[in-house]
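Chain by chain, the residues:
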Amino acid sequence: MDLVVSRALTVPAAELVWRFSRSSGPGGQHVNTSDSRVQLSWDVSASAVLTDDQRDLLVARLGGRLVDGVLTVASSEQRSQLRNRETALAKLADVVAAGLAPEAAPRRPTRRTRGSDRRRLTAKNERSATKQQRRRPTDD
């Protein structure tokens, strides 16, 4: 099963490493005997499908998740190993796609409009007048 990250990037199944273990959670006695938990690993630093720029970008952005250049995701939400495999593939694709996504354009600050300034000041004056009317009258 190849990992399709985007139209431009597909990780071949030969680069993916699967590990299976017993899962905790629902499943009753069956969970004690089946290896339904899935760990999916991909060696980002040695991958042949990435360009040098993509590799550098992933290492920089996912540095905290990488262990010796290997990205690992685990899935044990489902009871069956097959569904956990599909979930792990989707998780890994999401993480890699997020790591390769272009950065958002920086926000360009804009000026307030004259009308918004007027509305703000009018509201402040009305609020001020309301509070002044609550004061105790003076003896003048």
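Now for a quick tour of the structure. (Residues numbered from 1 in each chain as written. Predicted model: local features only at pLDDT ≥ 70, side-chain atom pairs only at ≥ 80, totals over all residues. Heavy atoms only, no water.)

Now for the nonpolar core. Core analysis: the biggest nonpolar cluster contains 21 residues, and Leu3, Leu16, Trp42, Leu71, Leu92 and Val96 have the highest contact counts within it. For this core, the secondary-structure elements that each account for two or more residues are strand E4 (37–43), strand E6 (70–75) and helix H2 (81–100). With residues up to four places along the chain from it excluded, the contact list for Val96 reads Val5, Leu9, Trp42, Leu58 and Leu71. (Core = buried A, V, L, I, M, F, W, Y, C linked by side-chain atoms within 4.5 Å. Buried < 20%, exposed > 50% of the residue type's maximum accessible area, 1.4 Å probe, protein only. Helix = DSSP H or I, 4+ residues; strand = E, 2+ residues; numbered from the N terminus. Contact = heavy atoms within 4.5 Å.)

Residue position: Ser75 is located in strand E6. Judged by its relative accessible area of 1%, Ser75 falls in the buried class. Within polar-contact distance, the side chain of Ser75 engages the side chain of Asn84 at 3.3 Å. In contact with Ser75, other than residues within four places in its own chain, are Ser36, Arg37, Val38, Asn84, Thr87, Ala88 and Lys91. (Polar contact = N/O pair within 3.5 Å; in protein donor to acceptor, adjacent residues only side chain to side chain.)

For the rest of this paragraph, the subject is the sheet that holds strand E5 (residues 66–67). Read from one edge to the other, the open sheet built from 4 strands follows the order E3-E4-E6-E5, with strand pairing classed as antiparallel. Single-partner strands in this sheet number two, and they are strand E3 (16–21) and E5. Where E5 and E6 come together, 2 bridges link them in antiparallel fashion. Paired with Leu66 across the bridge in E6 is Leu71. Packing of H2 onto the sheet brings it into contact with E3, E4 and E6, and relative to E6 it is tilted by some 140°. (Pairing = 2+ DSSP bridges. Axes fitted to C-alpha atoms, helices over the stretch in contact; angles between N-to-C directions.)

A full pass over the atoms with the stated rule returns 6 salt bridges. A salt bridge links Glu103 to Arg61, with the nearest nitrogen and oxygen atoms 3.8 Å apart. On the criterion of sequence distance, the pair formed by Glu103 in the loop between H2 and helix H3 (114–133) and Arg61 in helix H1 (residues 52–61) is long-range, its members being 42 residues apart. A network of salt bridges, in which partner residues are shared, links Arg112, Asp117 and Arg120. (Salt bridge = Lys/Arg side-chain N within 4 Å of Asp/Glu carboxyl O.)

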